[in-house]
Amino acid sequence: GTCVVEAKQLLEFAKSCKDTPITFREAEGTLEACSPVAECGFSLWSDFPEPYRRPRECEYMGTLKGAANVAKATKRFVSKSESQPILKCVYLTGESAVATDSYRLIEIGNVYSGSDVFVSGELLPYVAKAKGEDAEVFESDAVTKIVVGNAEYTSRRAAGKYPSYK
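These lines cover the structure that appears in this document, whether it is placed above or below. Values in this document were obtained by computation on a predicted structure and should not be read as measured data.

Focus: the sheet that holds strand S4 (residues 59–64)
Here we have five strands laid out as an open sheet, ordered S8-S4-S10-S11-S12, and antiparallel in their pairing. Two strands lie at the open edges of the sheet, namely strand S8 (112–114) and strand S12 (151–156), each paired on one side alone. The sheet shows a mean angle of 20 degrees between the axes of neighbouring strands, direction not considered. Relative to strand S10 (residues 135–139), S4 runs antiparallel, the two being bridged by five bridges. Opposite Thr 63, over in S10, you have Glu 136 as the bridge partner.

Some points on the side chain of Ser 35
Locating Ser 35 in the fold gives a position in the loop between strand S2 (30–34) and strand S3 (39–43). Judged by its relative accessible area of 12%, Ser 35 is buried.

Some details on the environment of Phe 138
Its place among the elements puts Phe 138 in strand S10. Sequence-distant contacts of Phe 138, defined by excluding residues within four places in its chain, comprise Cys 58, Glu 59, Tyr 60, Met 61, Val 143, Thr 144, Lys 145 and Val 147.

Looking at the packing of aromatic side chains
Aromatic ring pairs are described here by two measures, namely the spacing of the ring centres and the angle between the planes. Taken as a whole and judged by the stated rule, the model has six aromatic pairs. With centroids separated by 6.4 Å and ring planes inclined at 80 degrees, the aromatic side chains of Tyr 162 and Tyr 165 adopt a geometry described as edge-to-face. On the basis of relative accessible area, Tyr 162 is assigned to the buried category, the value being 7%. Tyr 165 sits in the partly exposed class, given a relative accessible area of 23%. Among the aromatic side chains, those forming a connected cluster through ring pairs are Tyr 91, Phe 118, Tyr 162 and Tyr 165. One Lys or Arg, Arg 104, reaches over the ring of Phe 77 and ends 5.0 Å from the middle of that ring.

Details of the sheet that holds S3
The strands that make up a sheet are held in pairs by hydrogen bonds between backbone atoms, and each pair lies either parallel or antiparallel. Taken in spatial order, the three strands of this open sheet run S1-S2-S3, and their pairing is antiparallel. Looking at strand neighbours, the two that pair on one side only are strand S1 (23–27) and S3, the edges of this open sheet. Strand-to-strand twist across the sheet, computed as the mean angle between neighbouring axes with direction ignored, equals 25 degrees. In this structure, S1 lies alongside S2, joined through five bridges in antiparallel fashion. Looking at S2, one finds that Ala 27 is bridged to Thr 30. Of the strands in this sheet, S1, S2 and S3 touch helix H1 (residues 7–16), which is tilted by about 175 degrees from S3.

A look at the nonpolar core
Residues Leu 64, Leu 92 and Tyr 112 are the most contacted members of the largest nonpolar core, which totals 27 residues. Here this core gets three residues from one element, more than from any other, and that element is helix H2 (residues 67–74). By size, the runner-up hydrophobic cluster in this structure holds eight residues, among which are Cys 89, Tyr 91, Phe 118 and Ala 158.

Points about the pattern of salt bridges
Across all of its chains, the model carries five salt bridges by this definition. Ionic pairing is found between Lys 88 and Glu 82, a salt bridge with its closest N-O pair at 2.8 Å. Overall, Glu 82 belongs to the exposed group, its relative accessible area being 61%. Across the pair Glu 139 and Arg 157 runs a salt bridge whose closest N-O atoms are separated by 3.3 Å. Within this pair, whereas Glu 139 is found in strand S10, its partner Arg 157 is found in the segment after S12, the two being separated by 18 residues in sequence. Assessed through its relative accessible area of 38%, Arg 157 is described here as partly exposed.

Reading guide: rules and limits
Residue indices begin from 1 for each chain and proceed along its sequence in written order. It should be noted that, the model being predicted, local features are given only for residues of pLDDT at least 70 and side-chain atom pairs only at 80 or more, the latter also being counted only at that level, while totals for whole chains, interfaces and linings use all residues. No hydrogens and no water enter the side-chain calculation; it runs on all heavy atoms of the structure. In this analysis, strands are considered paired if DSSP registers two or more bridges between them. Counting from the N terminus, the helices are DSSP H or I runs at least four residues long and the strands are E runs at least two residues long. For helices, the axis comes from a line fit to the C-alpha atoms of the stretch in contact; other axes are also lines fit to C-alpha atoms, and the angle between any two N-to-C directions lies between 0 and 180 degrees. Think of it in three bands: with a 1.4 Å probe and only protein chains considered, a residue is buried below 20% of the maximum accessible area for its type, exposed above 50%, and partly exposed in between. Contact definition: two residues touch when any of their heavy atoms are within 4.5 Å. Two aromatic rings from Phe, Tyr or Trp, using only the six-membered ring of Trp, form a pair when their centres are within 6.5 Å; if the ring planes differ by under 30 degrees the pair is stacked, by over 60 it is edge-to-face, and anything between is tilted. Consider the ring centre and the ring normal. A charge sits over the ring if Lys NZ or Arg CZ is within 6 Å of that centre and within 35 degrees of that normal. The definition of a nonpolar core used throughout is a set of buried Ala, Val, Leu, Ile, Met, Phe, Trp, Tyr and Cys residues joined through side-chain atoms within 4.5 Å. Think of a salt bridge as a Lys or Arg side-chain nitrogen and an Asp or Glu carboxyl oxygen that are within 4 Å of each other.

Set out below in structure tokens:
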């Protein structure tokens, strides 16, 4: 069957088990995980919470050329602060990729063609490993998705207005 559990809890449990096998079984609304070194019970969700559901319909927004190189160049400039969540994104606009943490700014030209969109900085380390391929950018009302080769990276859609940087 299929069940839904919180990924962070599952990952932490798997790390604690090191290289030992893990057995799973469903019991009374929980998923029990057992290994020779640890045991854990996970609360089952009936379905993914709304913000994390895989989008059914995403609109094509544009193409990011050399996505891995752009991600490597911009990830240092994306804000880590929770006070301005829009600065935790790379802004793809016109032909450029723009990132700032309010102190430093980088604008890379001639790398994007498409409609304006925000890409979460949390995706950048993954996109940076994509071996320099171009990426297609998609967006729905809930998520932004980047597709590089056979890999697909999805994050919650950022909303807001990027500060004037020119």
